Amino acid sequence: MREFKRTDRVGDQLQKELAVLIQREVKDPRLGMVTVSGVTVSRDLGYADVYVTLLGEDSPERIKENLKVLKQAAGFLRSQIARRIKLRHVPELRFHYDESVVRGQRLSSLIDEAVESDRSRHPNEEGEPNAGDDEGERH
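Residues numbered from 1 in each chain as written. Predicted model: local features only at pLDDT ≥ 70, side-chain atom pairs only at ≥ 80, totals over all residues. Heavy atoms only, no water.

- If you look the chain up in an unreviewed UniProt entry, it shows as Ribosome-binding factor A from Halomonas sulfidivorans.
- In its Subunit (unreviewed entry) section, the UniProt entry covering the chain states "Monomer. Binds 30S ribosomal subunits, but not 50S ribosomal subunits or 70S ribosomes."
- The heading Function (unreviewed entry) in the UniProt record of the chain holds the text "One of several proteins that assist in the late maturation steps of the functional core of the 30S ribosomal subunit. Associates with free 30S ribosomal subunits (but not with 30S subunits that are part of 70S ribosomes or polysomes). Required for efficient processing of 16S rRNA. May interact with the 5'-terminal helix region of 16S rRNA." (UniProt positions renumbered as here; feature names shortened; annotations may be inferred.)

A closer look at the nonpolar core
Stage number 1. Grouped together as the largest cluster of nonpolar side chains are 29 residues, with contacts concentrated most on L77, L93 and F95.
Stage number 2. The element that contributes the greatest number of residues to this core is helix α2 (residues 60–84), accounting for seven residues.
Stage number 3. Residue contacts for L77: discarding those within four places in its chain leaves L18, L21, I22, V26, L93 and F95. (Core = buried A, V, L, I, M, F, W, Y, C linked by side-chain atoms within 4.5 Å. Buried < 20%, exposed > 50% of the residue type's maximum accessible area, 1.4 Å probe, protein only. Helix = DSSP H or I, 4+ residues; strand = E, 2+ residues; numbered from the N terminus. Contact = heavy atoms within 4.5 Å.)

Comments concerning the packing of helix α1 (residues 6–24) against α2
Stage number 1. α2 packs onto α1 with a crossing angle of 120° between their chain directions and a minimal axis gap of 10 Å. Relative to α2, α1 is oriented oblique. For the crossing formed where α1 meets α2, the hand is right-handed. Contact residues: α1 offers L14, E17, L18, V20, L21 and I22, while α2 offers L70, L77, Q80, I81 and R84. (Axes fitted to C-alpha atoms, helices over the stretch in contact; angles between N-to-C directions. Parallel < 35°, antiparallel > 145°, perpendicular 65-115°, else oblique. Left-handed = near helix turned anticlockwise from the far one by under 90°.)

Below, the structure is given as structure tokens:
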């Protein structure tokens, strides 16, 4: 079996090109700071699911508005990709909001809060054992 599938290579190339195109070529003022976090291409190369995140904006209204702008720009982006990448057929672009980054940040902050809460309850335990932990505590 090959190490990298063609769909993976095409997806990686699409991700790079779309990141540049969205930043430099899409001139819609409603569009925020969009990051292309991943691209998954179907086996027949007919569709590309493009996952995006928005920097600092995670309200449902802003997400919906940004996805609408990207959907409207999909034809333009596809034509630009056709000029840049040598493919017989450029996949149809479908944009999705990638919640994994926001979810990861939320989980990370919850973990930080739990660690901080634990430290406030046990102030002596900062990576070092208490004086009485191993010494003479066993009865």
